[in-house]
Each structure stands twice: as C-alpha cells, then as structure tokens.
Amino acid sequence: MFDRLKKLSQVMTRTRDAVFGQVADLFDQREVDDALWDELEELLIRADVGVPTTEYIIDATKERVQRQRIKDGDRAREAFKSVLVDILNDSDQPKQLDIPFGKLTTVLVVGVNGVGKTTSIAKLTGYWQNQGHKCVVAAADTFRAAAIDQLKIWADRVGAQVVSHQHGADPGAVVFDAWQAAISRRADVLVIDTAGRLHTKDNLMDELRKLYKILAKQQPGAPEATLLVLDATIGQNSLVQAREFQKSAAINGLVLTKIDGTAKGGSVFPIVRELRVPVLFLGSGEHLDDIEAFDARAFVDALVSPGAENASVR
Ligand code: GDP
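The structure contained in this document is the topic of the report that follows.

Thresholds applied
Residues numbered from 1 in each chain as written. Predicted model: local features only at pLDDT ≥ 70, side-chain atom pairs only at ≥ 80, totals over all residues. Heavy atoms only, no water. Pairing = 2+ DSSP bridges. Helix = DSSP H or I, 4+ residues; strand = E, 2+ residues; numbered from the N terminus. Axes fitted to C-alpha atoms, helices over the stretch in contact; angles between N-to-C directions. Contact = heavy atoms within 4.5 Å. Near = heavy atom within 4 Å. Polar contact = N/O pair within 3.5 Å; in protein donor to acceptor, adjacent residues only side chain to side chain. Areas by Shrake-Rupley, 256 points an atom, 1.4 Å probe, with all protein chains shown as cover. 1 Å grid on protein atoms, 1.4 Å probe; cavity = no way out; pocket = protein on both sides within 12 Å on 5 of 7 lines; lining within 4 Å. Sits in = over half its atoms within 2 Å of the grid points. Nonpolar A, V, L, I, M, F, W, Y, C, P; charged D, E, K, R; others polar. Points joined across faces, edges and corners; volume = space filled by probe spheres on them. Phe/Tyr/Trp six-rings, centres within 6.5 Å; stacked < 30°, edge-to-face > 60°.

### A few points about the sheet that holds strand 3 (residues 161-163)
No. 1: Taken in spatial order, the 8 strands make up an open sheet running 3-2-4-1-5-6-7-8, and their pairing is mixed. Every other strand in the sheet has two partners, leaving strand 3 and strand 8 (291-293) as the edge strands with one partner each. Going from strand to strand, the sheet's axes swing by 25° on average, the running direction of each strand aside.
No. 2: Sheet topology note: the strand 6 (residues 253-257)/strand 7 (residues 279-283) ladder contains 3 bridges and is parallel. Within the sheet, the bridge partner assigned to Leu254 lies in strand 7 and is Val279.
No. 3: Each of strand 5 (225-231), strand 6 and strand 7 is contacted by helix 11 (residues 268-275), which is oriented at about 170° to strand 6, the strand it contacts most.

### Remarks on the site of the ligand
No. 1: For the ligand, the set of nearby residues contains 16 residues, the closest of which are Gly114, Lys117, Thr118, Thr119 and Glu286.
No. 2: The contact in question runs from an oxygen atom of the ligand to an N or O atom on the backbone of Gly114, over 2.7 Å.
No. 3: Between the ligand and the protein, one listed contact pairs an oxygen atom with a side-chain N or O atom of Thr119 at 2.5 Å.
No. 4: Contact with the protein chains covers 75% of the free accessible surface of the ligand, which is 580 Å².
No. 5: Cavity membership is defined here by more than half of the atoms lying within 2 Å of grid points; on that basis the ligand lies in the second largest pocket.
No. 6: Ranked by residues supplied to the shell around the ligand, first place goes to helix 6 (residues 117-130) with 4 residues.
No. 7: In the shell around the ligand, the residues fall into 2 nonpolar, 8 polar and 6 charged.

### Details of empty space enclosed by the protein
No. 1: Overall, the coordinates contain 1 cavity of 30 Å³ or more when judged by the stated rule.
No. 2: In this model, the largest cavity occupies a volume close to 50 Å³.
No. 3: Along its surface, the largest cavity is lined by Met12, Thr15, Ala232, Leu256, Ile259, Ala263, Gly265, Ser267, Val268 and Phe299.
No. 4: For the lining of the largest cavity, the residue count by class is 7 nonpolar, 3 polar and no charged.

### Some thoughts on the packing of aromatic side chains
Each aromatic ring pair is summarised here by two numbers: the centre-to-centre distance and the angle between the ring planes.
No. 1: Scanning the model with the defined rule gives 5 aromatic pairs in all.
No. 2: Linked through ring pairs, Tyr127, Trp128 and Phe281 together constitute an aromatic cluster.

### Some words on the layout of surface pockets
No. 1: Here the largest pocket is characterised by a volume of approximately 300 Å³.
No. 2: Lining the largest pocket are 17 residues, with Lys95, Gln96, Leu97, Ala293 and Phe294 sitting closest to its centre.
No. 3: Secondary structure elements with two or more residues in the lining of the largest pocket: helix 5 (73-89), helix 6 and strand 7.
No. 4: When residues in the lining of the largest pocket are grouped by element, the largest group, 3 residues, is from strand 7.
No. 5: Partitioned by chemical class, the residues of the lining of the largest pocket number 11 nonpolar, 3 polar and 3 charged.
No. 6: Approximately 230 Å³ is the volume found for the second largest pocket.
No. 7: Lining the second largest pocket we find 16 residues, and of these Gly114, Val115, Gly116, Thr119 and Lys258 sit closest to its centre.
No. 8: A total of 5 residues in the lining of the second largest pocket trace back to one element, the largest contributor, which is helix 6.
No. 9: Looking at side-chain class alone, the lining of the second largest pocket contains 1 nonpolar, 9 polar and 6 charged residues.

### Some points on unusual backbone geometry
No. 1: Of note, the amide linkage connecting Ala222 to Pro223 takes the cis form, showing an omega dihedral of 0°.
No. 2: Along the chain, the position of Pro223 falls in the loop between helix 9 (202-218) and strand 5.
No. 3: The phi dihedral of Gln29 falls on the positive side, at around 45°, and the residue is not glycine.
No. 4: Relative to the assigned elements, Gln29 resides in the loop between helix 2 (13-26) and helix 3 (34-46).
No. 5: Unusually for a residue other than glycine, Arg276 sits at a positive phi of about 55°.
No. 6: By the secondary structure assignment, Arg276 is in the loop between helix 11 and strand 7.

What follows is the structure, encoded as structure tokens:
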C-alpha cells in the first residue's frame, strides 16, 4: 500500500503542483476561519472543480467541521479530504470491474480522439492478460487506419488477438467477427475500440447504438461494461464530453488518463458527482504498465498532499 501511494504521489506531482498542493498547504498551522473557506473556494475553482461542486465541497466540509467541533487546520484538512473521497465513492455503478474466468465479458471503450483511448485499451488488455485472462480486441474504430495499426502493435506485445477489417469498414461487422472469435477462442474479455472522432455528432452516436444492438443480439446483457476514457489534463472539457457520451452510451466507469501530465485535477469531482459513474482506472504514462485500478482514498491522498514524502501520513 505504501509503495502504491508513493508511486501515485510521484506520478501526480505535476497535478499537485498545479493547484492542489496549495490546497493542502492552505490548512497548515492555522485556525479555521472565514478567510480559510474563501481561499479554499478560490483554489478549488482554479483547480477546475467548477462552481456547483466547489460550493458543495465547501458546505459539506464546513458541516463536518462544525459537527466535529474542529478548530485546527490539520483536522479540517482531513474533513475536507473525506468529503472528496466520499464524492468519488458515491456512484450508482460498482467501483470495480470484475472479470470472471470462463465466461466472456465484453467491454466497450468510448472517448474522443486524443484522450488516450488506444493506449488505454492496450494497457487494460495487458492488465487483464497479466491477471491470466484471455483477451480479444476488436478494432472497431475503422475511421482511423493508424488506430488499427497501433492496436495491433500493442496487442502483439501483450499477446492478445486483434480482430480488424479494412480502414473504413463497417464497425458493426468488426464487432460481430470479434465476438465470434472471442467465443471460439474461449476468451474471457472482448475489448472493443470505437470511433472517437466527433462526440457531438449524431452519426457517431448512432453508430454506438448500433454496436449495442449487435452485441445484445449475441448475448443479452452484453456489453457488460462501457468505459469512457477522459483526459485529466483538459479540465472542464472532460465534463462536456462525459455529458455527451452519457446520452448514447450506458457508461459504467471512467478511465482517467494522463494524470502524470500537467493537470489541474479538479474536474474529476464534478464529473463523478454529475454522472454518478465511478473512476475505475487511472492512466499515468505512455507505457503499457502505466495503469492502475482506482482507489479514491489513495487518489485524494496523492492529490491533497504538500510533498511525495508526506503522502502516506496525511
Ligand atoms: P486516442 O486518440 O484517444 O486513441 O489516443 P492515443 O491512445 O493515441 O493517445 C494520444 C496521446 O496521449 C499519445 O501520445 C499517448 O502516448 C498519450 N497518452 C495516452 N495515455 C497517456 C497517459 O496516461 N499519460 C501520458 N503522459 N500520455 C498518455
């Protein structure tokens, strides 16, 4: 646990440096007063938390501080952190994606181009293969020839099979073939890449609906999960993307990428709060193993701490 926290704390150095480190410092050696709440509000807005969720966080923290008769900053910081953890843990969907053995689980992956979708699919496939699962990947983003090639290279590295068609082919046909391949190979996971070009365009969303129909025809309940990939570095834009995707995709969980990049980090709170969908995985770099299952407490500890060496004690 300590090693994990330390690693998370290290990869999140830039995010913390952007604003959240100052949030942690704000509580240092001071009493709780009105000025503290004003400064906290300003920092949270700057960290991309957005006005409604900032207000919620301040009110909920104040309420805990009053209820517990907290006077000093250190304990107030703990109350504040517990509010953040509660936001991330409060969702309508399971906080873990369990993949059973001996039964096919289909995972549809959606997201706007550039957020790290292809990389995340490769990382997730590697992650599940490492756990002993057999994975098949469907290259159903047929708009981008490069994405198909990239997937093949990544999947080769982790020993998974990719099912692909020509550039421009019908994504539904790719999904159908990939499903057949997964069943005949007795795979545990079918990971489906989807086109991410124009999240606001109706045709793309129609295509997603088509994929849902094809999968449901193969197996009632499929896909078992739809993961939305979001880029942590683009702040409130991610919230806009998430809202759009939620209109046509039944999102079960989020993959938050680039948490090693320069991110203000705060947009994850309004996204989880509004969508009521949990973060399931964090992407923390460009390598295959730069992925980990999300843990709200570890994330908040890494985010709201003044320095890496203090991450485990705060
Ligand atoms: P896609 O267009 O959504 O499929 O995005 P890609 O997977 O091609 O990734 C876009 C860029 O983001 C590439 O340069 C990736 O190496 C980079 N990238 C993806 N995930 C991460 C991450 O977690 N951290 C960092 N630093 N870069 C990432």
